Amino acid sequence: MRKNVAVLWVPPATKAKGKKAGPKITKITQLTGRRVGVVGRTQANVNLLKVILQQYGVDPAKVEIIQFPVNEAVEAIRNQKADAYLAAGPVNSKITTDAVAASTRDGGTPTFLAIDTAEAIAQNHPAYEASEIPAGSFGGSPDRPEEEVKTISFSHHIVARKGIPESTIAAFTRQLFAVRQTLKNEFPLAAKIETPDTDKDATIPVHPGAAAFVDGEEKTFLDRYSDYIWWTLMGLSAMGSAGAWFAGYLKKDERVSNTSQRERLLDMLRTARQSDSIDELDQMQAEADDILRDTLQCFEHGAIAEGTLTAFNIALEQFHNAVADRKALLMSMPQSLHRASAQFRAAGTA
């Protein structure tokens, strides 16, 4: 969400008649036995102060830590409720700026305590980073501070459960950065929203969905579900093949029956060319019509292919042609010759 810097400062000494001012605080090590006011009620700011004190060898138990609500901080500082103060927030935080301004009195300016060991603190406490407060960050004349001050910083993060889908987090991150400029008019700190560190060794791991958006590797619908789509198509194809095989197996009897009928049609074709009886030819033609009906039903049921139907049509056409030719020949022959031929053929068969 934003980076926050720790600001540790001491108000100028009070000019009071007949009262000797205490020793001026210019170093963190001089905070032993002093009162330190912490702006804000969050325990995180108190923990931050304790980390700083311990780094400089100051026992936090020997420092009186007083917390002020944000809306009461300015008044408490004006009334000198503490000897030093700590505020944590963005460099341009209005809360910190007002608190520092409240410390300015009698022409004196606050003294900012540098945290020179910020890098060491960051090494020992990965949640913190070494940082700087630029000169003039809190306004005033002369500038507050007059020169750059070393300090430590920490970040506020938006967190999510690991179980939330990457696409959901990526969509949220995209929308957050899309409205950031609009939000800053009402919430100035929104302008400080930054992209997270997507390195694999980052102290705080980034959700894969946010990392995908930041790195420009956000997956499309096809990228996310291509494997599922591929396996689904493969499954459907396998099911289709299995279904086709099963359907073909069920129609096996129909194919076998149609094959025997086709063989019967070819046998009738040979018989028709030698037949001497018109009645016999008529019976074979009626049988051929029945075979045709059964064959068409097999084709409609998918038991035979179109190529098989075409071959059957050729055989059927040849049969009808043979019957027509044989009938024409028998009808043109004299009756006596026709009977003799039949008798001769019968005798030869016997």
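Scroll up to find the structure this text is about.
Residues numbered from 1 in each chain as written. Predicted model: local features only at pLDDT ≥ 70, side-chain atom pairs only at ≥ 80, totals over all residues. Heavy atoms only, no water.

Student: Hey, could you go over the overall build of the protein for me, with residue numbers and the actual values?
Tutor: Looking only at helices and strands, the protein has 11 helices and seven strands in total. Counting only residues that meet the buried cut, the protein has 30% of its 350 residues in that class. Of all intrachain contacts in the protein linking residues separated by at least 6 positions in sequence, the fraction that spans at least 24 positions is 72%. (Helix = DSSP H or I, 4+ residues; strand = E, 2+ residues; numbered from the N terminus. Buried < 20%, exposed > 50% of the residue type's maximum accessible area, 1.4 Å probe, protein only. Contact = heavy atoms within 4.5 Å.)

Student: I'd like a rundown of a negative patch on the surface, residues and numbers included.
Tutor: There is a patch of like negative charges on the surface, built from Glu-119, Glu-132, Asp-143, Glu-146, Glu-147 and Glu-148. Residue position: Asp-143 is located in the loop between β6 (129–133) and β7 (149–156). Among the residues examined, Asp-143 registers a relative accessible area of 41% and is labelled partly exposed. (Patch = residues over 30% accessible without salt bridge, like charges linked within 9 Å, V, L, I, M, F, W, Y side chains within 5 Å. Areas by Shrake-Rupley, 256 points an atom, 1.4 Å probe, with all protein chains shown as cover. Salt bridge = Lys/Arg side-chain N within 4 Å of Asp/Glu carboxyl O. Lys, Arg positive; Asp, Glu negative; His and termini not counted. Charge placed at Lys NZ, Arg CZ, Asp CG, Glu CD.)

Student: Give me the environment of Ala-202: which residues, what numbers.
Tutor: Topologically, Ala-202 is positioned in the loop between α5 (166–183) and α6 (208–214). C-alpha of Ala-202 to C-alpha of Pro-126: the two residues are 76 residues apart in sequence and 9.7 Å apart in space.

Student: With reference to specific residues and values, describe helix α9 (residues 278–300).
Tutor: For α9, which comprises 23 residues, the first-to-last C-alpha distance of 33 Å matches the rise-based estimate of 33 Å (1.5 Å per residue) to within 8%. Among all positions of α9, only Leu-281, Met-284, Ala-288, Ile-291, Thr-295 and Cys-298 are buried. Capping of α9 at its N-terminal end is provided by Ser-277; its side-chain oxygen lies 3.3 Å from the backbone amide nitrogen of Asp-279. Phi turns positive one or two residues past the end of α9, at Gly-302, with a value near 80 degrees. (Expected span 1.5 Å × (residues − 1). Polar contact = N/O pair within 3.5 Å; in protein donor to acceptor, adjacent residues only side chain to side chain.)

Student: Which residues make up the pairing of β7, and what are the values?
Tutor: Sheet topology note: the strand β1 (residues 2–10)/β7 ladder contains four bridges and is antiparallel. Residue pairing for β7: Asn-4 is matched across the bridge by Phe-154. The pairing of β6 with β7 spans five bridges and is classified as antiparallel. When the sheet's bridge partners are listed, Ser-131 is paired in β7 with Thr-151. (Pairing = 2+ DSSP bridges.)

Student: Now, about the pattern of salt bridges: what can you tell me, with residues and values included?
Tutor: Inspection of the entire model under this criterion finds eight salt bridges. For Asp-282, the salt bridge goes to Lys-327, with nearest N and O atoms at 2.4 Å. Of this pair, Asp-282 sits in helix α9 while Lys-327 sits in helix α10 (residues 306–332), placing them 45 residues apart in sequence. The class for Asp-282 is partly exposed, based on a relative accessible area of 35%.

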